Amino acid sequence: MGFHFINKNKLILVLVTVFTAAMVLFPQVTEAGSKSAIIIWANSIVPVLLPFFIFSDFITRTGNLEKLPSRVYPFAAACLSGYPMGARVSADMVKTGALGLEEGKWVLSYAMVTGPAFLMGTIGGFLGSTRAAAVVTAAHYGAALLNGFFWKTSPGSGDRRKEHKIPGRNREITGGNAGLLDSFTQSILSGFRAMALILAYLILFMIGMQLLDAAGLFRLIGNETVCSVLKGLLEMTAGSSMVGACNISLQLKTILTAVLVSFGGLSVIGQSVSMAEGSGIGIKDILLRKATHGLLAGILSVFLAGIMI
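Keep in mind that this is a model prediction, so the values were computed, not measured.

Calculation criteria
- Residues numbered from 1 in each chain as written.
- Predicted model: local features only at pLDDT ≥ 70, side-chain atom pairs only at ≥ 80, totals over all residues.
- Heavy atoms only, no water.
- Helix = DSSP H or I, 4+ residues; strand = E, 2+ residues; numbered from the N terminus.
- Buried < 20%, exposed > 50% of the residue type's maximum accessible area, 1.4 Å probe, protein only.
- Contact = heavy atoms within 4.5 Å.
- Areas by Shrake-Rupley, 256 points an atom, 1.4 Å probe, with all protein chains shown as cover.
- Salt bridge = Lys/Arg side-chain N within 4 Å of Asp/Glu carboxyl O.
- Phe/Tyr/Trp six-rings, centres within 6.5 Å; stacked < 30°, edge-to-face > 60°.
- Lys NZ or Arg CZ within 6 Å of the ring centre and 35° of its normal.
- Patch = residues over 30% accessible without salt bridge, like charges linked within 9 Å, V, L, I, M, F, W, Y side chains within 5 Å.
- Axes fitted to C-alpha atoms, helices over the stretch in contact; angles between N-to-C directions.
- Parallel < 35°, antiparallel > 145°, perpendicular 65-115°, else oblique.
- Nonpolar A, V, L, I, M, F, W, Y, C, P; charged D, E, K, R; others polar.
- Polar contact = N/O pair within 3.5 Å; in protein donor to acceptor, adjacent residues only side chain to side chain.
- Left-handed = near helix turned anticlockwise from the far one by under 90°.
- Core = buried A, V, L, I, M, F, W, Y, C linked by side-chain atoms within 4.5 Å.

Participant: How would you summarise the overall build of the protein if you had to cite specific residues and measurements?
Facilitator: Assigned secondary structure in the protein consists of 14 helices and zero strands. Ordered by position from N to C terminus, the α and β elements of the protein give α-α-α-α-α-α-α-α-α-α-α-α-α-α. Across the 309 residues that make up the protein, the buried fraction comes to 48%. In the protein, 78% of the contacts between residues at least 6 apart in sequence involve partners at least 24 apart. Summed over all atoms, the accessible surface of the protein reaches about 14,600 Å², with 67% contributed by carbon and sulfur.

Participant: Could you give an account of the pattern of salt bridges, naming the residues involved and the relevant values?
Facilitator: Scanning the entire structure with this criterion turns up five salt bridges. The salt bridge involving Glu31 is made with Lys35; its shortest N-O contact spans 2.9 Å. With a gap of four residues between them, Glu31 and Lys35 both fall in helix α2 (residues 27-62), about one helical turn apart. For Lys35, a relative accessible area of 48% gives the class partly exposed. Of the charged contacts, one joins Glu103 and Arg71 as a salt bridge, the two residues approaching to 2.6 Å between their closest N and O atoms. Highlighted residues: Glu103 in helix α5 (residues 101-111) and Arg71 in the loop between α2 and α3 (73-81), separated in sequence by 32 residues. Glu103 gets classed as buried once you look at its relative accessible area, which sits at 3%. Because the salt bridges share partners, they merge into one network encompassing Glu102, Lys105, Asp285 and Arg289.

Participant: Residues and numbers for the packing of aromatic side chains, please.
Facilitator: For the coordinates displayed, the defined rule picks out four aromatic pairs. Summarising the aromatic geometry, the rings of Phe75 and Tyr141 are spaced 6.3 Å apart at their centres and angled 80° between planes, so their arrangement reads as edge-to-face. Of the two residues, Phe75 sits in helix α3 while Tyr141 sits in helix α7 (residues 130-150), which places them 66 residues apart along the sequence. With a centroid separation of 5.4 Å and an interplanar angle of 75°, the aromatic rings of Trp106 and Tyr110 are classed as edge-to-face. With Trp106 and Tyr110 both in helix α5 and four residues apart, the pair spans about one turn of that helix. The pair Trp106 / Tyr110 is uniform in exposure class, with both members buried. A cation over an aromatic ring shows up here: Lys152 above the ring of Trp106, its NZ or CZ 3.8 Å from the ring centre. Positioned over the ring face of Trp151 is Arg289, at 4.1 Å from the centre of the ring.

Participant: Break down a nonpolar patch on the surface for me, with residues and values.
Facilitator: A contiguous nonpolar patch, built from Leu212, Leu217, Ile221, Val226, Leu230 and Leu233 and spanning about 410 Å² of accessible area, is present on the exposed surface. Only α9 (217-221) and α10 (224-234) provide two or more residues apiece to the nonpolar patch. A total of three residues in the nonpolar patch trace back to one element, the largest contributor, which is α10. Checked against the element boundaries, Leu217 lands in helix α9. Here Leu217 falls in the partly exposed class, since its relative accessible area comes to 37%.

Participant: Explain the packing of helix α6 (residues 116-127) against helix α11 (residues 236-244) to me, and be specific about the residues and the numbers.
Facilitator: Angle between the axes and distance between the axes: these two values describe a pair of packed helices. Between α6 and α11, the least distance of the axes is 7 Å, while the angle of their chain directions is 40°. Classed by the angle they form, the pair α6 and α11 counts as oblique. Touching Phe118, Ile123, Phe126 and Leu127 of α6 are Met236, Thr237, Ser240, Ser241 and Gly244, all from α11. Taken together, the residues of the contact of α6 with α11 sort by class into five nonpolar, four polar and no charged.

Participant: Which residues make up α11, and what are the values?
Facilitator: In terms of burial, α11 is largely enclosed, as seven of its nine residues are buried. If you check which residues of α11 are buried, you get Met236, Thr237, Ala238, Gly239, Ser240, Val243 and Gly244. Capping the start of α11, Glu235 holds a side-chain oxygen 2.9 Å from the backbone nitrogen of Thr237, two or three residues further along.

Participant: For the packing of α10 against α11, give the residues involved together with the corresponding values.
Facilitator: Here α10 crosses α11 at 160°, and the two axes come no closer than 6 Å. Viewed along their axes, α10 and α11 adopt a mutual orientation that is roughly antiparallel. The two elements α10 and α11 meet at a crossing, and its hand is left-handed. Of α11, the residues touching α10 (which contributes Ser228, Val229, Lys231, Gly232 and Leu234) are Met236, Gly239, Met242 and Val243. Considering only residue class, the contact of α10 with α11 consists of five nonpolar, three polar and one charged.

Participant: Explain the nonpolar core to me, and be specific about the residues and the numbers.
Facilitator: Of all hydrophobic cores here, the largest spans 38 residues; its most connected members are Trp41, Ile45, Leu49, Ile123, Met195, Leu202 and Met206. If you list the elements that add at least two residues to this core, you get α2, α3, α6, α7, α8 (177-214), α11 and α12 (250-263). Per-element accounting of this core gives the leading share, nine residues, to α2. With residues up to four places along the chain from it excluded, the contact list for Trp41 reads Val46, Pro47, Met195, Ile198, Leu199 and Leu202. Counting 23 residues, the second largest nonpolar core, distinct from the first, contains Met85, Ala87, Leu99 and Ile286.

In C-alpha cells, the structure reads:
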C-alpha cells in the first residue's frame, strides 16, 4: 500500500487552497517568505548554478553523454546539472525502456545527487569554509555510492533494458555554427527553466516555513539549531543557509549540512516526484532513497569532519 492511499490531485488541491488562503489572510507572512526565497535564490543559487546549468546542458546536448552506459548516464547528468536531474533522467529511461522499473529505482538511489558547483560554491559559502564544503561533497557522493549498494536489487525477469534514447536529449546536431547555436540557445532556455522551477519550490516552502514560524511552532521548540534543521528538512537550501549561521562548531554545521543536502528536503523530493511523473517511480520510492542517502552522508561526514576540519 505505502503512499498509494494518498490522492495526489487532492493533496495538490489542498496545498494550493492553503497557500491561497495564506496569501489572503497573511499577506505580510507571504511577502516575507517570498522575499527571503528570492534573496537566497538570487544571491546564492543563480550566480553559481545558472552558468553551470547552461554549459552542462550544452555539453550534454553536443557531447554525446547519452552514449554512456544506462546505469552511469543518470549519475553523470545529475552531477552536471544538480537536483532534480537525476530523477528526471532515470524516469525518462524507465519510460523509454532503457531501464526496467526496478532497475530504474535502483539507479535512482545513487543518481539523485546535486552538482559540485552547488556543493563547493553555494554550500561552501554558507559554511564559510572550503574544507567544510569538501567534507560535504565527499560525504554526499560517497553516500550516494553506498546508497546504491544498499538498494541494489536483481532485475526481474521482465526487467530488460533497451538501447536508451532520452527524450529531449538524443538529437542530431547538424554541422556548422547554426546547429551549435541552436543547441546553445536551447541550453540557455533549459537553464532558466531549471532556475524558475527551483525558485518556485523555494518560494512555496519558504512561505510554508514562515507560516509555521508565525504560528509559533519554532518559538515553541526554542532551539536555533533544531529549528534550522527542521526548516532544512522542508527546504534544503534555506535550511543549510540557516545552519551555517548557527552558533555551533564548524564540525557540527558540516555534519548537519551533509545530512540536509543529501536528503534534499521535501522541496527537492517534490521536484523529483514531478520529474518522475508517469514512470512508475513514486513518492515512496524517492522519499525512502533520499532518507537513506541523508543518513549515510551523516555517518560519513562524522568521520571526514574529524579528519579534515
